[in-house]
Amino acid sequence: MDWMQIVSALALVAFIVILLPSARYMIKNSPKGTSSDWMSFVIPIFAVIVFIALLIKLV
Amino acid sequence: MNQNFSSVAQSSSSVLATNKVLRNTYMLLSLTLLFSGLTAALSMALKMPPMTYLISVIGGMVIAMFVLPRFANSSAGIGIVFLITGLLGFGLGPVLTMYASLPNGGNIITLSLGGTGVIFMGLSAYALATKKDFSFLGGFLMVGFLLVLLAAVANIFLQIPAMSLMISAVVIMIMSGFILYDTSRIIHGGETNYVLATIGLYMTIFNIFISLLQILGIMGNDD
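Residues numbered from 1 in each chain as written. Chains lettered and ligands numbered in written order. Predicted model: local features only at pLDDT ≥ 70, side-chain atom pairs only at ≥ 80, totals over all residues. Heavy atoms only, no water.

1. Describing the overall build of chain A
What counts is decided by this rule: We count a stretch as a helix when DSSP gives it H or I for four or more residues in a row; a strand needs E for two or more, and each element gets its number in order from the N terminus. Put simply, the radius of gyration uses C-alpha atoms, and a globule should come to 2.2 Å times the residue count raised to 0.38. The rule is simple: take the accessible area with a 1.4 Å probe, protein chains only, and divide by the maximum for that residue type; under 20% is buried, over 50% is exposed, in between is partly exposed.
If you tally the helices and strands in chain A, you get two helices and zero strands. The C-alpha radius of gyration of chain A comes to 18 Å, more than 25% above the 10 Å expected for a compact globule of 59 residues. Overall, the C-alpha framework of chain A stretches about 45 × 40 × 10 Å when taken along its three principal axes. Per-residue burial over chain A gives 32% buried out of 59 residues.

This is the structure in structure tokens:
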């Protein structure tokens, strides 16, 4: 294990700790989505997945 | 009647303010992406060592989290955004040099760059066209992001290639969600500071690009 891996791990852990309070706030204060709201999120994400599969075919 | 005129005037001034934030965000975003490209090219020309990436990312994140919010409402904020994006671009240099040295490297870099552009523009256009409020995604995306960071920490020690591929794929999904969330926040007046809006969108583009490079790098070299 070299020093770069240790520094990367420490930086990621520090990032998680810093993000935790705002994550808690967002979880508590986010409005609930309806099933149609979630569908409007799932459709473009599915399109992104298909697009990435296409890029993998092209490479 | 006067009340109706007043509410119409208020609503049109709010639309104008939103359009201004959106226009300024996209303008600053294009300039910072261009600047990142230049610093990445400089870093490649200088043949910077791999540790440059780690130092630049840590430096960029520290400035973005602790310095930028203090100056976001002043003109100095624009300079700090260029500092962060320039630093992140400079860190990309050794990564791009490494991918460029692969047999199919040029193709991988071009496809990642083009793919990132298509994903960003497609999702932004979707959020702008539907004008849907994606604020309900906030908590979900944040939990997903924290989980993927935990998985990334674990994989630094485990070194499983399949897990690294999975992490990159999930990062792209989460960052795609953040594009919808951030764009919708600008449209609905949740984000009125174009400096902060720019850095948020820049980070999503940066993460999608890095993750696409990793996915295409792994998948393109299986022969």
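2. Examining the confidence of the model for chain B
What counts, and what does not: Confidence scores labelled pLDDT are given residue by residue by the predictor and lie between 0 and 100.
In this model, chain B carries a mean pLDDT of 92, and residues with pLDDT of at least 70 account for 93%. Per-element confidence in chain B is highest for helix α3 (residues 76-100) of chain B, whose mean pLDDT is 97, and lowest for helix α1 (residues 2-45) of chain B, whose mean pLDDT is 83.

3. Brief notes about the interface of chain B and chain A
To keep it simple, the criterion reads: Contacts are residue-level and defined by heavy atoms, with any inter-residue pair within 4.5 Å sufficient. Two parts placed together each lose some accessible area under a 1.4 Å probe, and the buried area is that loss summed for both. The working definition used for a salt bridge is a side-chain nitrogen of Lys or Arg within 4 Å of a carboxyl oxygen of Asp or Glu. Two N or O atoms count as a polar contact when they lie within 3.5 Å, although within protein this holds only if one can serve as hydrogen donor and the other as acceptor, and sequence-adjacent residues are included solely when both atoms are side-chain atoms.
In this assembly, 46 residues from chain B lie in contact with 38 residues from chain A. Roughly 3,700 Å² is buried in total at the junction of chain B and chain A, and carbon and sulfur atoms are behind 88% of that figure. Counting across the chain B and chain A interface gives one salt bridge. We note a salt bridge from Asp-37 of chain A to Lys-132 of chain B, for which the minimum N-O separation is 3.1 Å. One can count three residue pairs in polar contact (both at pLDDT 80 or more) joining chain B with chain A. Elements with a contribution of two residues or more to the side of chain B that touches chain A: α2 (51-71), α4 (105-130), α5 (138-158), α6 (161-187) and α7 (194-219) of chain B. In terms of residues, the side of chain B that touches chain A owes the most to one element, α5 of chain B, which gives 13 residues.

4. Comments concerning the nonpolar core
Most often, soluble globular proteins keep nonpolar side chains buried together rather than apart. Filter applied, for reference: We call a set of buried Ala, Val, Leu, Ile, Met, Phe, Trp, Tyr and Cys residues a nonpolar core when their side-chain atoms join them within 4.5 Å.
Ranked by internal contacts, the top residues of the largest apolar core, which has 74 residues, are Ile-84, Ile-119, Phe-145, Ile-172, Phe-178, Leu-212 and Leu-213 of chain B. With 15 residues, α7 of chain B is the largest single contributor of residues to this core. The contact partners of Ile-172 of chain B, leaving out residues within four places of it in the chain, are Val-48 and Ile-52 of chain A together with Ile-119, Ile-208, Ser-211, Leu-212 and Ile-215 of chain B.

5. Remarks on the pattern of salt bridges
Residues and elements named next belong to chain B. Under the defined criterion, the tally for this structure stands at two salt bridges over all chains. Close ionic contact of Glu-191 with Arg-185 constitutes a salt bridge, the shortest N to O distance being 3.2 Å. Among the residues examined, Glu-191 registers a relative accessible area of 15% and is labelled buried. Overall, the relative accessible area of 28% leaves Arg-185 in the partly exposed class.

6. Some remarks on the packing of aromatic side chains
Stated precisely, the cut-off is as follows: Aromatic pairs are defined between Phe, Tyr and Trp rings, using the six-membered ring for Trp, whenever the two ring centres lie within 6.5 Å; interplanar angles under 30 degrees are classed as stacked, those over 60 as edge-to-face, and all others as tilted.
According to the stated counting rule, one finds twelve aromatic pairs over all chains in the structure shown. Arranged with centres 5.2 Å apart and planes meeting at 85°, the rings of Trp-38 of chain A and Phe-140 of chain B form a pair that is edge-to-face. With Trp-38 of chain A in helix α2 (residues 35-58) and Phe-140 of chain B in helix α5, this residue pair bridges two chains. When its relative accessible area of 28% is taken as the criterion, Trp-38 of chain A is described as partly exposed. Centre to centre, the rings of Tyr-26 of chain B and Phe-120 of chain B are 6.4 Å apart; their planes meet at 80°, and the pair counts as edge-to-face.

7. Concerning a nonpolar patch on the surface
Stated precisely, the cut-off is as follows: Nonpolar side chains (Val, Leu, Ile, Met, Phe, Trp, Tyr) are joined into patches within 5 Å and like charges within 9 Å, using only residues with over 30% relative accessible area and no salt bridge. For every accessible area listed, the method is Shrake-Rupley and the probe measures 1.4 Å; residues are considered covered only by the protein chains on display.
Together, Ile-18 of chain A together with Val-62, Phe-66, Val-67 and Phe-71 of chain B line one region of the surface with nonpolar side chains, adding up to about 380 Å² of accessible area. A per-element tally of the nonpolar patch places α2 of chain B first, with four residues. Along the chain, Phe-71 of chain B falls in helix α2.

8. Regarding the side chain of Thr-25 of chain B
Residues and elements named next belong to chain B. Tracing the backbone shows Thr-25 in helix α1. A polar contact of 2.6 Å, which involves the side chain of Thr-25, links it to the backbone oxygen of Val-21. Filtering out sequence-adjacent residues up to four positions away, Thr-25 remains in contact with Ile-186, Tyr-194, Ala-197, Thr-198 and Leu-201.

9. Concerning α7 of chain B
Test applied: Helix span, as expected, comes to 1.5 Å for every residue beyond the first.
Between the first and last C-alpha of α7 of chain B there are 37 Å, a value that for 26 residues agrees with the 38 Å anticipated at 1.5 Å per step. Its side-chain oxygen 2.8 Å from the backbone nitrogen of Val-195 of chain B, Asn-193 of chain B forms the N-cap of α7 of chain B.

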